[in-house]
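Listed below, chain by chain, are the residues.
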Amino acid sequence: MKAIVTGGAGFIGSALVKKLIDELKYEVLVIDCLNYASQIDSLDEIRNKALYSFSQSDISDKPKIEDLVKDFQPNYIFNLAAETHVDRSIESPEPFLKTNILGTYSLLETSLVYWRSLNGKDKEIFRFLHVSTDEVFGDLNLEDPPFTEQNSYSPSSPYSATKAGSDHLVRAWFRTYHLPVLITNCSNNFGPYQFYEKLIPHMILRATRGEKLPIYGSGLQVRDWLYVYDHIEAIIKVITNGRIGESYNIGGNAERTNLQVVQEICTILDEVITEKPNNLESFHQLITHVEDRPGHDTRYAIDSSKLNNELFWHPTESFESGLRKTIMWYLNNDLSRTYETKRLGLK
Ligand SMILES: NC(=O)c1ccc[n+]([C@@H]2O[C@H](COP(=O)([O-])OP(=O)(O)OC[C@H]3O[C@@H](n4cnc5c(N)ncnc54)[C@H](O)[C@@H]3O)[C@@H](O)[C@H]2O)c1
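Remember, it's a predicted structure, so these values are computed and weren't measured experimentally.

Describing the overall build of the chain
- Scanning the chain for helices and strands turns up 12 helices and 12 strands.
- Scored against the burial criterion, the 347 residues of the chain give a buried share of 55%.
- Pairs at least 24 apart in sequence give 81% of the contacts found in the chain among residues at least 6 apart.
- When the accessible surface of the chain is summed, it comes to about 15,100 Å², and 50% of that surface belongs to carbon and sulfur atoms.
- In the chain, which carries 36 positive and 47 negative side-chain charges, the distance between the mean positions of the two groups comes to 4 Å.

Here it is as structure tokens:
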């Protein structure tokens, strides 16, 4: 099998690429423009493998994408390339429109022309899987049931609005042109190699430096969390056995307030770091509340029963065990930490 993974040098994409090559023996072409959030070193383990190839390209560069797809002749295209940080989308929405909407459009158009050129078995098995987020549904009150695939879209931030826009395009290319697409909407991921601006690695990094741990507003906003490798398993099940034109929710059954997440990080760090910075007695002392993010959603929660029932997927890692593994990974990867620290321009 041959697969293109866009955004394959990012947090989730790199975990997917390694699984496809190492375990499933797929031939993989990674297409990634290597923006600030990419971590190309996360692919070091497979860089020299014959099954791996890489192109530094922007998914919105349609002529280049057309050449890559025509040359590589994929069976599957996984679209994970995106601008992904909500705070950055509030500061500067334009790159989100360009990549998340125009980039997805360029991939859909290219895929359609390519798919129409195929015959027989190759045409039958081709799939385009678009990886999206639970944030497209907007937010829930604390007493509401979790989002199902039937919830209408009601995005709040420029990030989630552009992801919602890209999902609509993908669905339209199925309804109008019958391109064999699938969509996944997943909750917050965590695990190794996540870029340091996201909540969990950001808090780990700051805590180990003895810096304040800033929590937006009350910190009582609720998110569902999923360990990244469980997300990868779900994506692979959906592309191989999901029903064409459908979307599948993916969640970890692990709702936590942001404050609880940071408190759990502090508790684990208290346990594993004996010599704490700045003579701290406990990392919990670093928690501090700052002005809330504009438009901050109250709660996301995801109902994955469609995926559980149709494709027999269930998360294997609990939030607690996944968080412990994630923290130990960050603490044990000094090289990566030093590298990222340098890149962020932090002292
Ligand atoms: N991280 C999460 O919690 C989460 C949850 C649900 C869904 N998602 C979705 O999963 C996908 C991957 O998320 P992630 O957390 O790995 O993101 P990430 O920011 O870590 O990685 C994104 C990758 O896409 C690449 N990229 C960005 N713009 C590009 C462009 N124009 N052309 C080519 N490559 C480009 C970047 O260089 C980077 O390597 C995204 O679509 C995101 O919306 C993420």
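Topic: the site of the ligand
- Near the ligand lie 28 residues; those nearest to it are D32, T84, Y159, K163 and N189.
- Protein coverage of the free-state accessible area of the ligand, which is 830 Å², stands at 97%.
- Counting only elements with at least two residues in the shell around the ligand, the list comes to α1 (11-22), β5 (127-133), α6 (158-177) and β7 (188-190).
- In terms of residue count, β5 provides more of the shell around the ligand than any other element does, 3 residues in total.
- Classifying every residue of the shell around the ligand by side-chain character gives 13 nonpolar, 12 polar and 3 charged.

Topic: the environment of G295
- Within the secondary structure, G295 is located in the loop between β12 (287-290) and α10 (305-311).
- The exposure class of G295 is exposed, given its relative accessible area of 58%.
- When the C-alpha positions of G295 and I90 are compared, they lie 9.5 Å apart, and in sequence the two are 205 residues distant.

Concerning the nonpolar core
- Core analysis: the biggest nonpolar cluster contains 36 residues, and V17, L20 and F78 have the highest contact counts within it.
- Counting residues in hydrophobic clusters, the runner-up holds 30 residues, among them Y196, L259, F283 and Y330.

Details of the sheet that holds strand β6 (residues 181-186)
- Taken together, 7 strands build an open sheet; the order of strands is β3-β2-β1-β4-β5-β6-β10 and the sheet is parallel. The open sheet has two edge strands with one neighbour each: β3 (52-56) and β10 (247-250). Going from strand to strand, the sheet's axes swing by 20° on average, the running direction of each strand aside.
- Both strand β1 (residues 2-6) and strand β2 (residues 27-32) contribute to a ladder of 5 bridges, which runs parallel. By the bridge assignment, A3 is partnered in β2 with V28.
- On top of the sheet, α1 reaches β1, β2, β3 and β4 (76-79); it is set at about 170° to β1, its chief contact.
- Its contacts with the sheet put α6 on β5, β6 and β10, and the angle it makes with β5 is roughly 155°.

Thoughts on the packing of aromatic side chains
- Per the stated rule, a full pass over the model turns up 17 aromatic pairs.
- When the ring of F96 is compared with that of Y159, the centres are 6.5 Å apart and the planes differ by 80°; the resulting orientation is edge-to-face. Of the two residues, F96 is situated in helix α4 (residues 94-117) and Y159 in helix α6; the sequence distance between them amounts to 63 residues.
- Taking relative accessible area as the criterion, F96 reaches 1% and is therefore assigned buried.
- For Y159, a relative accessible area of 8% corresponds to the buried category.
- Arranged with centres 6.1 Å apart and planes meeting at 75°, the rings of F190 and W225 form a pair that is edge-to-face. Here W225 lies in strand β9 (residues 222-227) and F190 lies in strand β7, a separation of 35 residues in the sequence.

Cut-offs applied
- One numbering rule holds for all chains: residues counted from 1, following each sequence as written.
- pLDDT decides what is reported in this predicted model: residues at 70 or higher carry local features, side-chain atom pairs at 80 or more are listed and counted, and totals for whole chains, interfaces and linings draw on all residues regardless.
- Working from all heavy atoms in the structure, the side-chain values ignore hydrogens and water.
- Helix and strand definitions follow DSSP, with helices as H or I runs of at least four residues and strands as E runs of at least two, each counted in order from the N terminus.
- Burial classes follow relative accessibility: with a 1.4 Å probe on protein chains only, a residue under 20% of its type's maximum area counts as buried, one over 50% as exposed, and anything between as partly exposed.
- Contacts are residue-level and defined by heavy atoms, with any inter-residue pair within 4.5 Å sufficient.
- Computed with a 1.4 Å probe, the accessible areas rest on the Shrake-Rupley method; for each residue, only the protein chains presented here act as cover.
- Counting rule for charge: Lys and Arg are taken as positive, Asp and Glu as negative, and neither His nor the chain ends is counted.
- In plain terms, the charge of a residue is placed at NZ if it is Lys, CZ if Arg, CG if Asp and CD if Glu.
- Residue proximity to a molecule or strand is established when one non-hydrogen atom of the residue lies within 4 Å of it.
- Nonpolar residues are Ala, Val, Leu, Ile, Met, Phe, Trp, Tyr, Cys and Pro. Charged residues are Asp, Glu, Lys and Arg, and all others, Gly as well, are polar.
- We define the nonpolar core as a collection of buried residues of types Ala, Val, Leu, Ile, Met, Phe, Trp, Tyr and Cys that are connected through side-chain atoms lying within 4.5 Å of one another.
- Only strands that DSSP links by at least two bridges are regarded as paired with each other.
- Only C-alpha atoms enter the line fits that serve as axes; for helices the fit covers just the stretch in contact. Angles between N-to-C directions range over 0 to 180 degrees.
- For this analysis, a ring pair means two rings from Phe, Tyr or Trp (six-membered ring only for Trp) whose centres lie within 6.5 Å, classed as stacked if their planes differ by under 30 degrees, edge-to-face if by over 60, and tilted for the remaining angles.

Keep in mind these numbers describe shape, not what the thing actually does.
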